[in-house]
Amino acid sequence: MHYHINGTSPKEYKVINYDADVSLLVNQTNESLRAEIVISLYEGDEDQSNSHVIGIESFEQNIQCSISQNDGVSRFQKSSVTDITIGTFFNDATSFKNALRSFAIKENFGVRIKASDKKRVIATCSYQGCQWRIQASLCEDSQSFQVRRVDGEHTCPGINRAGNRLATSAWVANQIQEMVKRYPDISPKEINSGLEKEFGLSLPYMKLWRAREQARDNIFGSVDDNYKWVPTLTAELLDRNPGSHITYTFNAIGNSFQRFYVSFKVCVDGFLFGCRPLISLDACHLKSKYLGVLLSANSVDGNNGLFTIAYVVVEAESKHSWSWFLKNMGETIGTNLSTLSFISDMEKGLGEAIREIYPQAEHRICIRHLWKNIKKNFRCKEGQKMQGLVWAAANAYTNVEMNEKLSELHDLSPTLYSYLISLPYKWSRSQFMIGIGHATNTNNFAESFNAWISDARTKPAVDLIDLIREKVMEQRAQ
Ligand SMILES: [Zn+2]
C-alpha cells in the first residue's frame, strides 16, 4: 500500500509498510487535507518480483475541518506581487530575481536565468520553444535594476501549479514570513489556502510544513539550534563517562530532536551494587519553549538517599516513550532481575510498558496517587471511613490484616472493592515482593527528584540534560 498527502500533483507517494506509517498519514492529514490511499493488489506469492499489479484501488477521504473558511485568507498577508513590465525598478538584481520568481509563479510559467552578472539579468520562459524573454539592467546609480526589455508572448501551455519548481520551500517561507511572525502556529492548511488565493498554487503538505519551519527559523532563530548540540553533547558525555549508556532519536519529519536517554555507568553500577532493587519512575513536564517531558528513574541508596539511575527527555508521555525509556534502561541494568520493584503514579502507558519489558518485576502504585484517583471516581457517604480503610489496607503488612480491611470496604462500597482487587498493580504492603528491602508505598523520591531539578525544567533540552548531569555527579560525589 502507498499513500500520498494532499490531493495535488506531483503526487508524493509513500509506501505503507507499518501501522506507524498510517498514523503518520493521519497526523499529516488532520488539517483537512485530502489523502489518497492507493492499494495495489499483487497476484502470486510473496516474491513480488514475479507478480504483477492486478488492480489499483484508490479512494479519497475528506477530513472535516474546524477552521472557518476565511480564517486562512485573513491571516495570509497579501504579498502584493509586483507586476513586471518595461520600466519597473528594483533595488538590486536579487530583488528583481525574487520578484520575477513570484511573478512567474502567479502567472503560471517557469523561469530560466540565461545570464546574470553585475550589469544585467536575462531570463526566459523555461518551456522549450516558448519565446518569452525578459531583461533587466543596472541603472546609473550602480545599484538598482530596471526592466529594459520584455520580448515575445508565452506560447507555453502553462505549468502544473503544484509542480512549479519555482515555488520552493524557501520561496514559500519568504512569502509567509510576516504572517508567521504574527501567527507562529499557523497551519500548513491555512498557508495553502493563502497561497491558493494569491498564486493559484496548491502545494504538497510537507513542503508547506517545511516552509513554515523555515520561516520560523528565519524569525525566531532555529528551534533546533539547541538540538544541533545533541550529537556533540552525546560524544562529550560518553568521553567523560566511559561505559555509560547515552542515546537519542531524531524525528523523521523535520529531522527534529525527539528523545534523549542518559544513564551514567557510575549510576548503573551504584544501583546494581549499592541500592535497593526498587526504582521510582516519574514524569515531569518541561517548561521551556520546546516543552517535552522528563522521565526519570531513581532508587534509594543504603542511607535512604536519592539515587538517580537514568533520565530521559521525550516528546510526550505515552506507552511508546515509556517503553523506549525502559528498554534503554534494561540494556544497562538488565531486564531479568529476579527481584525488582517499580513504584510510580498511574502514568499513561507505563503499567503496560513495565509488564512487557520487565515481566518479572513488581509494579507498586503510589497510594497517595491511588487515593486521589479513588476520591475522584468513587462516591461514598462515609468518605472519611473509606479513606481510613483504603490507607489501612495499603499499609497492612499481612494478608489477614489487608483482607479484614478489604471486607469492611466491601460493605461500604462493593464497586470500590472490585476496583481495588482487580488493579494490575501492587498497592498494599502485604502484597509486596520479598527481598526489595523497602516497604514504601508512596512515590516520595520521585517528588524529591523533581524538586531537586526544578530549576532545570525551564531550560532547553540540551541544557537540561547537562544540568541534571552536573547534579547527578554532585550526588555521586557525596
Ligand atoms: Zn512561456
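Residues numbered from 1 in each chain as written. Predicted model: local features only at pLDDT ≥ 70, side-chain atom pairs only at ≥ 80, totals over all residues. Heavy atoms only, no water.

Before we move on, could you go through the coordination of the zinc ion and cite the residues and values that matter?
Listed as protein donors to the zinc ion are Cys125 (SG), Cys130 (SG), His154 (ND1) and Cys156 (SG); their distances from the metal cover 2.2 to 2.3 Å. In this structure, the zinc ion is surrounded by four donor atoms whose angles at the metal cover 101 to 119°, and the resulting shape is tetrahedral. Written as a sequence motif, the donor residues of the zinc ion are C-x4-C-x23-H-x1-C. Note that Cys130 is positioned in the loop between strand E7 (120-125) and strand E8 (133-138) and His154 in the loop between strand E9 (145-151) and helix H4 (169-182), a separation of 24 residues in sequence. With a relative accessible area of 9%, Cys130 lands in the buried category. (Donors = N, O, S within 2.8 Å, 3.2 Å for Na, K, Ca; no water. Tetrahedral: all angles 85-135°; square planar, octahedral: opposite > 155°, others 65-115°. Helix = DSSP H or I, 4+ residues; strand = E, 2+ residues; numbered from the N terminus. Buried < 20%, exposed > 50% of the residue type's maximum accessible area, 1.4 Å probe, protein only.)

Give me the lowdown on the packing of helix H13 (residues 399-412) against helix H14 (residues 414-422), citing residues and values where you can.
In the contact formed by H13 and H14, the axes pass within 6 Å of each other and the chain directions differ by 140°. By the criterion of interaxial angle, the relationship of H13 to H14 is oblique. Here Leu406, Leu409, His410 and Leu412 of H13 lie close against H14, whose contacting residues are Pro414, Leu416, Tyr417, Leu420 and Ile421. Its residues placed into classes, the contact of H13 with H14 shows eight nonpolar, one polar and no charged. (Axes fitted to C-alpha atoms, helices over the stretch in contact; angles between N-to-C directions. Parallel < 35°, antiparallel > 145°, perpendicular 65-115°, else oblique. Contact = heavy atoms within 4.5 Å. Nonpolar A, V, L, I, M, F, W, Y, C, P; charged D, E, K, R; others polar.)

I'd like to hear about the pattern of salt bridges, residue by residue, with values.
Evaluated as defined, the whole model comprises eleven salt bridges. Note that Glu213 and Arg212 form a salt bridge whose closest N and O atoms lie 3.3 Å from each other. Owing to a relative accessible area of 10%, Arg212 belongs among the buried residues under this scheme. A salt bridge links Glu236 to Arg240, with the nearest nitrogen and oxygen atoms 3.6 Å apart. With Glu236 and Arg240 both in helix H7 (residues 230-240) and four residues apart, the pair spans about one turn of that helix. (Salt bridge = Lys/Arg side-chain N within 4 Å of Asp/Glu carboxyl O.)

Quick one: what's the story with the nonpolar core, residue by residue and with numbers?
Among the nonpolar cores identified, the biggest contains 51 residues, and Ile279, Leu281 and Met329 are the most heavily contacted of them. The leading source of residues in this core is strand E14 (residues 306-314), at seven residues. If near-sequence neighbours (up to four positions away) are discounted, Met329 is found in contact with Tyr261, Ile279, Ala297, Ile309, Ala310, Gly334, Phe342 and Tyr358. Residues Val121, Cys130, Leu195 and Leu203 belong to the second largest nonpolar core, which totals 38 residues. (Core = buried A, V, L, I, M, F, W, Y, C linked by side-chain atoms within 4.5 Å.)

Please set out the packing of aromatic side chains residue by residue, giving values where relevant.
Applying the stated criterion across every chain yields a total of eleven aromatic pairs. Ring geometry for Tyr261 and Trp324: centres 6.4 Å apart, planes at 85°, overall edge-to-face. Of this pair, Tyr261 sits in strand E11 (residues 257-263) while Trp324 sits in helix H9 (residues 319-333), and the two are 63 residues apart along the sequence. The exposure classification of Tyr261 matches that of Trp324, with both residues buried. Consider the rings of Phe378 and Tyr419, whose centres lie 5.1 Å apart with planes at 50°: the pair is tilted. Of this pair, Phe378 sits in the loop between helix H11 (367-377) and helix H12 (383-395) while Tyr419 sits in helix H14, placing them 41 residues apart in sequence. Exposure remark for Phe378: the relative accessible area of 17% places this residue in the buried category. Ring pairs connect the aromatic residues Tyr261, Trp322, Trp324 and Phe325, which therefore count as one cluster. The ring of Phe432 has Arg364 sitting right over it, with the charged end atom 3.8 Å from the ring centre. (Phe/Tyr/Trp six-rings, centres within 6.5 Å; stacked < 30°, edge-to-face > 60°. Lys NZ or Arg CZ within 6 Å of the ring centre and 35° of its normal.)

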